[in-house]
Protein chains: 2
Amino acid sequence: MSKLVNKPYDTLQEGDSATFEKTLTERELVLFAAVSGDVNPVHLDAEFAKTSMFGERIAHGMWSGSLISAALATTLPGPGTIYLGQDLSFRRPVKLNDTLTVSLTVKEKQDAKKIVIVDCLVTNQNSEKVVTGTAKVIAPTEKVELDAPQLPEIKIG
Amino acid sequence: MSKLVNKPYDTLQEGDSATFEKTLTERELVLFAAVSGDVNPVHLDAEFAKTSMFGERIAHGMWSGSLISAALATTLPGPGTIYLGQDLSFRRPVKLNDTLTVSLTVKEKQDAKKIVIVDCLVTNQNSEKVVTGTAKVIAPTEKVELDAPQLPEIKIG
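A quick note: this is a predicted structure, and the numbers were derived from the prediction, not measured.

Concerning the overall build of chain A
Moving on, step 1. A count of helices and strands for chain A gives 4 helices and 8 strands.
Moving on, step 2. Mapped from its N terminus to its C terminus, chain A presents α and β elements in the order β-β-α-α-α-α-β-β-β-β-β-β.
Moving on, step 3. For chain A, the spread of C-alpha atoms along the principal axes amounts to about 50 × 35 × 25 Å.
Moving on, step 4. Out of the 157 residues in chain A, the part that is buried amounts to 52%.
Moving on, step 5. When contacts within chain A are restricted to residue pairs at least 6 apart in sequence, those whose partners lie at least 24 apart make up 69%.
Moving on, step 6. Of the roughly 7,000 Å² of accessible surface on chain A, 46% is carried by carbon and sulfur atoms.
Moving on, step 7. Considering chain A, the positive charge centre built from 17 side chains and the negative charge centre built from 20 side chains are found 1 Å apart.

And the structure:
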C-alpha cells in the first residue's frame, strides 16, 4: 500500500517542487467521458477523430487539469490541502500513449491565511508544454502520513 | 442515441446561456480518483472522511471543473469547440448526492480569432455557489450535429 505524505505550510519554501506522472490510454478517455459527461466523439471514436483537425483521438483538456489537482493533493502540499483556485492555459493536444508530467513549484507563501501559490506546468514525453497554470491552495498545518486507499477494480466493456 | 448540437460562432450572442447537470455518487468518486490519480481518502474512505474538516466524503474539486468542460464541449458552444483556458474558484465542498448545475453564459466575443469568453457558474441543489470561473474558447465556425457515442459499460468492484 502506498503512502501519501504531505508538506505542511511551515516546512514549505519558495522553489520547492514535486512531479506527478500519468499516461493517457483508452481507459482514461472512457473514464473521463463517463465521470464528466463529455462524450464528444473526438475523445472516443477513432474513425470520427480521423476527420477532426487533430487527426486522431485526443484527451479531454480538463484531464490534464485533473492531473494537476491530483499532484497538489498527493504530493505538494499533499493530504490536507484545501484547493481554492486554479487557472489553466491549454496549449497542445494530448494523444494516446502520451505520458504527461505535472511539475509543481512553490511560487509564493502568504502567511496570514497559510495560502500557497503554486506554479503548474504539464509537459509531454517530448518536453513540450501541454498546460500551464497557477494554483492557489491553503496548505495543511500538520504533518500527515496516510495509507492511500486501494481503489476497487474498474472493468470497462 | 442522444445528439450533440453546437452553436457556431456567428450564431452566438452575448448573454446566450446553457446548463448542464450531474449528480455526485460513489461512482464519480471512484472514477475520478482512478482517472486523475488523486486517491486521497477524504474522497474514498467514509470512516476517514468523518475525521476530516468536512465530516464526510467530498468530491474532488476538479470534478466540478470537469463538468464545466463537459458543458462547454457538449452544449455551448458544443462540438468543435477548442478549449484555450479556464480559471476556477472553488467555493464550497460537494457532498454525496449533491446535484450540480453548470450554467454557462456568453460574456464576450472576440471576432479576430473567433474567441468566446464564457462565464461559468456551478451551483448545488440549494442554489449555493460551488465553483465560479471563466472559460476562453474558440467557437466552431460550422454547424455540427453528431450522435453521442455510447460509452462501454463500466463496472466497479
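Section: the sheet that holds strand 3 (residues 82–90) of chain B
Moving on, step 1. Taken in spatial order, the 10 strands make up an open sheet running 2(A)-4(A)-5(A)-6(A)-3(A)-3(B)-6(B)-5(B)-4(B)-2(B), and their pairing is antiparallel. Bordering the open sheet on either side are strand 2 (17–23) of chain A together with strand 2 (17–23) of chain B, each of which pairs with just one other strand. When strand polarity is set aside, the average angle formed by the axes of neighbouring strands in this sheet is 20°.
Moving on, step 2. One ladder, built from 7 bridges, connects strand 2 of chain B with strand 4 (residues 99–110) of chain B; its direction is antiparallel. Following the sheet pairing, glutamate 21 of chain B is matched in strand 4 of chain B by threonine 101 of chain B.
Moving on, step 3. Contacts from helix 4 (residues 61–74) of chain A reach strand 2, strand 3 (82–90), strand 4 (99–110), strand 5 (115–123) and strand 6 (129–138) of chain A together with strand 3 of chain B, with the element oriented near 145° to strand 3 of chain A.
Moving on, step 4. Relative to the sheet, helix 1 (residues 26–36) of chain B contacts strand 2 of chain A together with strand 2 of chain B, its axis offset from that of strand 2 of chain A by approximately 105°.

Notes on the nonpolar core
Inside soluble globular proteins, nonpolar side chains tend to come together where they are buried.
Moving on, step 1. With 88 residues, the main nonpolar core has Trp63 and Ile68 of chain A together with Trp63 and Ile68 of chain B as its most contacted residues.
Moving on, step 2. Setting aside anything within four residues of it in sequence, one finds isoleucine 68 of chain B in contact with Tyr83, Gln86, Leu88, Val102, Cys120, Val122 and Val131 of chain B.

Points about the side chain of aspartate 38 of chain A
Moving on, step 1. With respect to the secondary-structure elements, aspartate 38 of chain A resides in the loop between helix 1 (26–36) and helix 2 (41–44).
Moving on, step 2. Here aspartate 38 of chain A is buried and forms no salt bridge, its nearest opposite-charge partner lysine 22 of chain B lying at an N-O distance of 11 Å.
Moving on, step 3. Only 3.1 Å separates the side chain of aspartate 38 of chain A from the backbone nitrogen of asparagine 40 of chain A, close enough to count as a polar contact.
Moving on, step 4. Apart from the residues lying within four places of it in its own chain, the contact partners of aspartate 38 of chain A are Ala33, His43 and His60 of chain A together with Ser69, Ala70, Ala73 and Thr74 of chain B.

Describing the packing of aromatic side chains
Moving on, step 1. The tally for this structure, following the rule as stated, stands at 3 aromatic pairs over all chains.
Moving on, step 2. Measuring from ring centre to ring centre gives 4.6 Å for tyrosine 83 of chain A and phenylalanine 90 of chain B, while their planes differ by 35°; the resulting arrangement is tilted. Highlighted residues: tyrosine 83 of chain A in strand 3 and phenylalanine 90 of chain B in strand 3, drawn from two different chains. The two residues tyrosine 83 of chain A and phenylalanine 90 of chain B agree in class, both being buried.
Moving on, step 3. For lysine 109 of chain A, the ring lying beneath its charged end belongs to tyrosine 9 of chain A, and the centroid distance is 4.2 Å.

What to know about helix 1 of chain B
Residues and elements named next belong to chain B.
Moving on, step 1. Within helix 1, 9 of the 11 residues are buried, which leaves it mostly tucked inside the rest of the structure.
Moving on, step 2. Listing the buried residues of helix 1 in full gives Glu28, Leu29, Val30, Leu31, Phe32, Ala33, Ala34, Val35 and Ser36.
Moving on, step 3. Within two residues after helix 1, glycine 37 carries a phi angle of roughly 90°, on the positive side.

Overview of the interface of chain B and chain A
A common way to state how big an interface is: give the accessible area lost once the parts meet.
Moving on, step 1. The partner chain A presents 48 residues to the 48 residues of chain B that form the contact.
Moving on, step 2. Of all residues in chain B, Val35, Met62 and Leu151 of chain B give up the largest surface area on contact with chain A, accounting jointly for 15% of the area buried on that side.
Moving on, step 3. Applying the counting criterion to the chain B and chain A interface returns 0 salt bridges.
Moving on, step 4. Here chain B and chain A share 13 residue pairs in polar contact (both at pLDDT 80 or more) between them.
Moving on, step 5. The set of elements that each furnish at least two residues to the side of chain B that touches chain A consists of strand 2, helix 1, helix 2 (41–44), helix 4 (61–74), strand 3 and strand 8 (154–156) of chain B.
Moving on, step 6. Taken together, the 5 bridges between strand 3 of chain A and strand 3 of chain B define a ladder with antiparallel strand orientation.

Rules of the game
Per chain, the residues get numbers from 1 upward, laid out in the order the sequence is written. Just so you know, chain letters begin at A and ligand numbers begin at 1, following the order they were written in. Restriction of local features to residues with pLDDT of at least 70 applies here, the model being predicted, together with a cutoff of 80 or more for giving and counting side-chain atom pairs; totals for whole chains, interfaces and linings are based on all residues. Values shown for side chains rest on all heavy atoms present in the structure; no hydrogens or waters enter the calculation. For the purposes of this entry, the term helix denotes a DSSP run of H or I that reaches at least four residues, the term strand denotes a run of E that reaches at least two, and both are numbered from the N terminus. Three labels apply to residues, based on accessible area from a 1.4 Å probe with only protein chains included: buried if under 20% of the type maximum, exposed if over 50%, partly exposed otherwise in between. Should any heavy atoms of two residues lie within 4.5 Å, those residues are considered in contact. Areas reported here follow the Shrake-Rupley algorithm with a probe of radius 1.4 Å; residue values treat only the protein chains shown as occluding. Within this scheme the basic residues Lys and Arg register as positive and the acidic residues Asp and Glu register as negative, but His and the chain ends are omitted. A charged residue contributes its charge at one atom only: NZ of Lys, CZ of Arg, CG of Asp or CD of Glu. Between any two strands, pairing holds if DSSP finds at least two bridges. Only the contacting stretch of a helix is used when fitting its axis, a line to C-alpha atoms as for every element, and angles between N-to-C directions run 0 to 180 degrees. Side-chain atoms within 4.5 Å are what join buried Ala, Val, Leu, Ile, Met, Phe, Trp, Tyr and Cys residues into a set we call a nonpolar core. Any carboxyl oxygen of Asp or Glu within 4 Å of a side-chain nitrogen of Lys or Arg constitutes a salt bridge here. Definition of a polar contact: a pair of N or O atoms within 3.5 Å, with one able to donate and the other able to accept a hydrogen when the atoms are protein atoms, and with sequence-neighbouring residues admitted only if both atoms are side-chain atoms. Stacked, tilted and edge-to-face pairs are distinguished by plane angle, under 30 degrees for stacked and over 60 for edge-to-face with tilted covering the rest, among Phe, Tyr and Trp rings (Trp via its six-membered ring) whose centres lie within 6.5 Å. Lysine NZ or arginine CZ positioned within 6 Å of the ring centre and within 35 degrees of the ring normal marks a charge as sitting over the ring. Buried area is a sum: the accessible area each of two parts loses on coming together, probed at 1.4 Å, counted once for each and added.

Scope: geometric values only; no functional claims are made or implied.
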